[in-house]
Amino acid sequence: MKERIEELRRQLNRHNRLYYVENAPEISDREFDELMKELERLEAENPEFADPLSPTLRVGSDLNKSFESIEHSRPMLSLANTYSIDEVDQWVSGVRKSLEGEEVTICGEMKYDGTSISLIYEHGRLVRAVTRGDGTRGDIVTDNVKTIPSIPLILDPDSGAPDEFEIRGEILLPWDAFDRLNLEREANDEPLFANPRNAASGTLKTLNSAEVSRRGLDAIFYNVLSDSLPFDNHYDNLKAAGRWGFKIAPILRRLHSIEDVDEFISHWDLERKRLPVATDGLVFKVDSMRQQLNLGFTAKSPRWAIAYKFPAERALTKLRFVNFEVGRMGIVTPVANLEPVLLSGTIVKRASLHNEDIIRKLDIHDGDMLYVEKGGEIIPKITGVDKAARQTDSKPIDFVHTCPACGTELQRVEGEASWVCPNKYGCPPQIIGRIEHFAARKMMNIDGIGAETATQLYERGLVRATADIYDLEPAQLLPLIGFGPRSAQRVVDGAEESKKAPFDRVLYALSIPNVGATMSKKIARAVGSIDRLMAMTRDELCAIEDVGPTLADGIIEYFADERNQKNIERLRAAGLQFEVEVKEQAGGSDVLAGLSIVISGTFSYHSRDEYKGLIELHGGKNVGSISKKTSAILAGENMGPSKLEKAQKLGVPLWTEEEFLKKIGE
Ligand code: IVH
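Sequence positions are assigned chain by chain, starting from 1 and proceeding in written order. The predicted origin of the model limits local features to residues at a pLDDT of at least 70 and limits the giving and counting of side-chain atom pairs to 80 or more, whereas totals for whole chains, interfaces and linings rest on all residues. No hydrogens and no water enter the side-chain calculation; it runs on all heavy atoms of the structure.

*Asks:* It is not clear to me how the overall build of the protein chain should be interpreted in this structure. Could you clarify?
*Replies:* In this description a helix means any DSSP run of H or I spanning at least four residues, a strand means any run of E spanning at least two, and both kinds are numbered starting from the N terminus. Helix and strand counts for the protein chain come out as 25 helices and 22 strands. Each principal axis of the C-alpha atoms in the protein chain carries an extent, and together these give about 80 × 80 × 60 Å. In this analysis, two residues are considered to be in contact whenever any of their non-hydrogen atoms come within 4.5 Å of each other. In the protein chain, the share of contacts with a sequence separation of at least 24, taken over all contacts with a separation of at least 6, comes to 66%. The Shrake-Rupley method, run with a 1.4 Å probe sphere, supplies the accessible areas, and residue values consider only the shown protein chains as cover. Surface exposure of the protein chain reaches about 33700 Å², of which carbon and sulfur atoms provide 49%. In summary, the charge assignment counts Lys and Arg as positive and Asp and Glu as negative, without counting His or the chain termini. Here the site of a charge means NZ on Lys, CZ on Arg, CG on Asp, or CD on Glu. Mean positive and mean negative side-chain charge positions of the protein chain (85 and 105 charges, respectively) differ by 2 Å.

Dropping the structure here:
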């Protein structure tokens with residue numbers, strides 16, 4: 001049995017590599033799945049042969065824990081940067097001079113724009129994945145990295161890899177996965193990632209490795225470190241790492257002269273746009289390891305390498321006018337409308353100017369010629385004004401003082417650069433925005449009500465408050481542009497189906513200020529029902545985890561408004577869920593009533609979030625920091641020494657996981 005399990009693991013690891021690294025699969029997805037299923041079954045039947053690096057365990061778990069950090073064996077330095085080809089040429093000459101005229105071969109590669117990672121392998125197995133951190137210490141993110149299918153967990157014993165080595169590279173989110181993720185986030189009303197780099201580093205630090213697995217990260221490696229490297233040059237060592245099973249930098253050229261270097265730059269400056277992953281420049285490295293050693297390091301970077309960064313693409317275009325848009329929460333955003341201009345392959349006509357302070361800082365006047373840039377960002381950005389081209393009599397752009405949609409006088413948000421329209425219930429874009437938000441996928445998920453339909457529903461007087469959605473009949477929807485009997489029925493059916501959405505989604509759908517997806521879950525779990533929430537005082541609200549005074553005030557103000565009360569009553573009458581389902585509450589008790597409990601350390605039976613839920617389910621309160629008032633600490637493994645000391649000083653009892661579970665009768 002053991003042999004079969006090992007054979008399956010070997011085969012699956014090999015096919016994984018053929019598929020994800022070499023792009024040359026030998027078997028169909030179906031055959032792969034069959035092997036995987038067989039291994040899953042054998043592992044389940046023979047737990048004594050379990051292995052944490054088995055290919056069956058790449059999918060990740062839901063366990064949430066924060067990351068431990070560790071010191072790098074060799075610091076992860078950065079590269080000296082330049083935007084000038086001249087400076088690259090000077091670097092090549094400088095290197096030659098330092099090496100007293102020796103022949104120098106330079107390795108040219110892409111500078112991948114993701115987040116750096118260091119992997120440690122011992123005896124052919126991945127033992128640790130560590131982020132760059134501050135260069136000296138990084139976070140251990142092994143569980144998340146294990147979900148990246150192109151990273152080998154166990155190397156083929158015949159691969160020729162040294163027994164111990166470190167390999168460094170870049171974790172990337174390829175363009176197509178990045179676009180997919182952002183589309184999804186847009187549909188869910190979540191903030192978009194500005195570029196694949198942010199998305200990759202954000203994803204790598206996500207606490208839920210199942211979510212990491214879903215997002216489609218990839219990794220490309222560019223540096224191998226070991227006391228027993230097979231070759232005396234970077235190029236051959238990296239190619240060797242390719243044979244050990246790593247996806248190595250596919251663009252890797254040996255360059256022998258300054259002319260070769262310049263040609264490499266001009267070729268890839270254009271070609272890189274066709275690559276499936278984001279790049280922000282090129283890296284040149286001295287190929288010979290002996291020469292690298294001779295050249296050494298400065299405090300920050302190696303002397304044997306330099307990065308040439310591609311300049312951000314920039315265009316100059318005329319400002320036609322600035323318009324002001326009002327969002328769901330009433331915030332007014334200025335938008336520059338431009339003469340259309342081609343930038344990095346897309347036509348740019350509009351760019352957000354964000355707020356009044358930015359307009360002032362850029363000093364934008366009517367009819368100015370503006371610089372628009374698209375660097376690593378996907379969203380075009382106005383970066384400056386060509387003041388020489390300015391008409392002498394042009395006037396600075398004034399921020400509006402009244403709402404462009406409803407004429408109400410705007411109010412400045414305290415401590416922020418934004419202005420808001422306070423006419424929440426009479427200002428059309430705010431109402432339309434709330435309808436659209438209410439129906440969106442992560443909220444009530446009513447198929448067929450997007451931005452355009454929300455606008456039509458409002459303009460035709462069919463929906464003014466979100467509760468009106470539940471009174472809609474197919475016949476009323478037929479006159480809407482783009483609607484037929486089927487789409488009309490779809491909206492009505494979608495509304496009916498949405499009545500099953502759990503309380504936390506309903507709470508999120510209501511557009512209570514600052515109550516987003518995560519906060520609505522926390523509140524729903526803490527309070528259990530809308531009636532309790534509506535009756536809570538500011539102090540009671542602030543006792544909920546992560547609820548501060550501003551958020552509490554927003555909630556109180558929201559429920560104090562009669563229009564909201566009435567809308568909620570109508571939604572309740574329509575059948576929406578305004579309580580945490582009994583099923584979710586099953587097994588609750590009051591054994592922890594009146595107790596404030598701190599959770600610390602890592603756990604084996606439940607995740608931290610689950611423990612939070614369990615404390616609340618049994619009447620207790622989960623608090624963040626230890627004080628005189630703390631009743632007990634639910635202490636897992638590796639509780640921080642300072643917390644331990646504080647607990648002992650204050651005489652707060654520590655409960656082990658098992659003791660806690662016994663108390664609540666689990
Ligand atoms: S070599 C001693 N090669 O750029 C530095 N780095 O500013 C060794 N990067 O943190 C790094 N592509 O994350 C190297 N082909 C490449 C690279 C690359 C991207 C990143 C890396 C590093 C940063 C340096």
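*Asks:* When you look at the side chain of Ser600 in this model, what are you seeing that I'm missing?
*Replies:* Looking at where Ser600 falls in the secondary structure, it is placed in strand E19 (residues 596-600). Those residues within four positions of Ser600 in sequence are excluded, and the remaining contacts are Arg608, Ile633, Leu634, Ala635, Gly636, Met639, Gly640 and Lys643.

*Asks:* What is the right way to look at the pattern of salt bridges in this model?
*Replies:* Pairing between side chains of opposite charge can happen when the charged atoms of each approach one another. Salt bridges, as used here, are contacts in which a Lys or Arg side-chain nitrogen is within 4 Å of a carboxyl oxygen on Asp or Glu. Taken as a whole and judged by the stated rule, the model has 41 salt bridges. Glu38 is paired through a salt bridge with Arg4; the nearest N and O atoms lie 2.8 Å apart. Here Arg4 lies in helix H1 (residues 2-20) and Glu38 lies in helix H2 (residues 29-45), a separation of 34 residues in the sequence. Note on Arg4: relative accessible area 32%, which makes it partly exposed. Burial here depends on accessible area, computed with a 1.4 Å probe over protein chains only, as a share of the maximum for the residue type. Under 20% is buried, over 50% is exposed, and the range in between is partly exposed.

*Asks:* Explain the packing of helix H12 (residues 428-439) against helix H13 (residues 451-459) here, please?
*Replies:* The geometry of a pair of packed helices is captured by two quantities: the angle between their axes and the separation between those axes. Running from amino to carboxyl end, H12 crosses H13 at an angle of 125°, the nearest separation of the two axes being 9 Å. Put simply, H12 runs oblique to H13. The handedness of the crossing between H12 and H13 is right-handed. Between H12 and H13, the contacting residues are Pro428, Ile431, Ile432, Ile435 and Glu436 on the first element and Ala451, Ala454, Thr455 and Tyr458 on the second. To define axes, lines are fitted to C-alpha atoms, for helices over the stretch in contact only, and angles between the resulting N-to-C directions are given on a 0 to 180 degree scale. Here the angle decides the label: under 35 degrees means roughly parallel, over 145 means roughly antiparallel, 65 to 115 means roughly perpendicular, and every other value means oblique. Helix crossings fall into two classes, left-handed where the near helix is turned counterclockwise from the far one by less than a right angle and right-handed where it is turned clockwise.

*Asks:* Mind showing me how you'd approach the packing of helix H20 (residues 549-560) against helix H21 (residues 562-574) here?
*Replies:* Between H20 and H21, the least distance of the axes is 5 Å, while the angle of their chain directions is 75°. Judged by the inter-axis angle, H20 sits roughly perpendicular to H21. Between H20 and H21, the residues in contact are Tyr558, Phe559 and Ala560 and Glu562, Asn564, Gln565 and Ile568, respectively.

*Asks:* Is there a simple way to explain the environment of Ile347 in this structure?
*Replies:* The topology assignment puts Ile347 in strand E14 (residues 346-352). Its relative accessible area of 59% is what places Ile347 among the exposed residues. In this structure, the C-alpha to C-alpha distance between Ile347 and Ala501, residues 154 residues apart in sequence, is 40 Å. When near neighbours in sequence (up to four residues on either side) are disregarded, Ile347 contacts Pro340, Val341 and Leu342.

*Asks:* I'm lost on the sheet that holds strand E22 (residues 654-655) in this one. Help?
*Replies:* Backbone hydrogen bonds hold the strands of a sheet together, and the pairing may be parallel or antiparallel. Here, a strand pair is defined by DSSP locating no fewer than two bridges between the strands. As summarised here, the arrangement of the four strands in space is E20-E19-E21-E22, forming an open sheet in which the pairing is parallel. Two strands close off the open sheet at either side, each with one partner strand: strand E20 (621-623) and E22. Taken strand by strand, helix H23 (residues 608-617) contacts E19, E20 and strand E21 (632-635), and its axis lies near 170° from that of E19.

*Asks:* Is there a simple way to explain a negative patch on the surface in this structure?
*Replies:* Together, Glu122, Asp163, Glu164 and Asp227 make up a region of like negative charge exposed at the surface. Take Asp163: it is sitting in the loop between helix H4 (142-145) and strand E7 (164-172). Residues form patches when they are more than 30% accessible in relative terms and have no salt bridge. Like charges link within 9 Å. Nonpolar side chains (Val, Leu, Ile, Met, Phe, Trp, Tyr) link within 5 Å.

*Asks:* Mind showing me how you'd approach the sheet that holds strand E10 (residues 279-286) here?
*Replies:* Read across the sheet, five strands follow the order E2-E11-E10-E3-E9 without closing on themselves; strand pairing throughout is mixed. Looking at which strands have only one partner, the edges of the open sheet turn out to be strand E2 (81-82) and strand E9 (252-255). The sheet contact formed by E10 and strand E11 (residues 305-309) spans five bridges and is antiparallel. Following the sheet pairing, Phe284 is matched in E11 by Ile306. On top of the sheet, helix H8 (residues 234-244) reaches strand E3 (106-112), E9 and E10; it is set at about 165° to E9, its chief contact.

*Asks:* Looking at this structure, how should I read the environment of Leu57?
*Replies:* Counting through the fold element by element, Leu57 comes out in the loop between H2 and strand E1 (69-71). Overall, Leu57 belongs to the partly exposed group, its relative accessible area being 42%. As for Leu57 and Lys146, which are separated by 89 residues in sequence, their C-alpha atoms are 8.2 Å apart. Apart from residues lying up to four places away in sequence, Leu57 is in contact with Asp51, Pro52 and Lys146.

*Asks:* Sorry, what's going on with the site of the ligand here?
*Replies:* Surrounding the ligand, one finds 13 residues, the nearest of these being Glu109, Met110, Tyr112, Glu170 and Tyr222. The term polar contact refers here to a pair of N or O atoms within 3.5 Å; inside protein, the definition further demands a hydrogen-donor-capable atom paired with an acceptor-capable atom, and it admits residues adjacent in sequence only when both atoms are side-chain atoms. Lys111 is positioned such that a nitrogen or oxygen atom in its side chain is 3.2 Å from an oxygen atom of the ligand. A distance of 2.5 Å separates an oxygen atom of the ligand from a polar side-chain atom of Glu170. For the ligand, whose unbound accessible area comes to 520 Å², protein coverage reaches 90%. The set of elements that each furnish at least two residues to the shell around the ligand consists of E3 and E10. With four residues, E3 is the largest single contributor of residues to the shell around the ligand. Amino acid classes used here: Ala, Val, Leu, Ile, Met, Phe, Trp, Tyr, Cys and Pro are nonpolar; Asp, Glu, Lys and Arg are charged; the rest, including Gly, are polar. Grouping the amino acids of the shell around the ligand by side-chain chemistry returns seven nonpolar, two polar and four charged. Note on definitions. A residue lies near a molecule or strand when any single heavy atom of the residue is within 4 Å of it.

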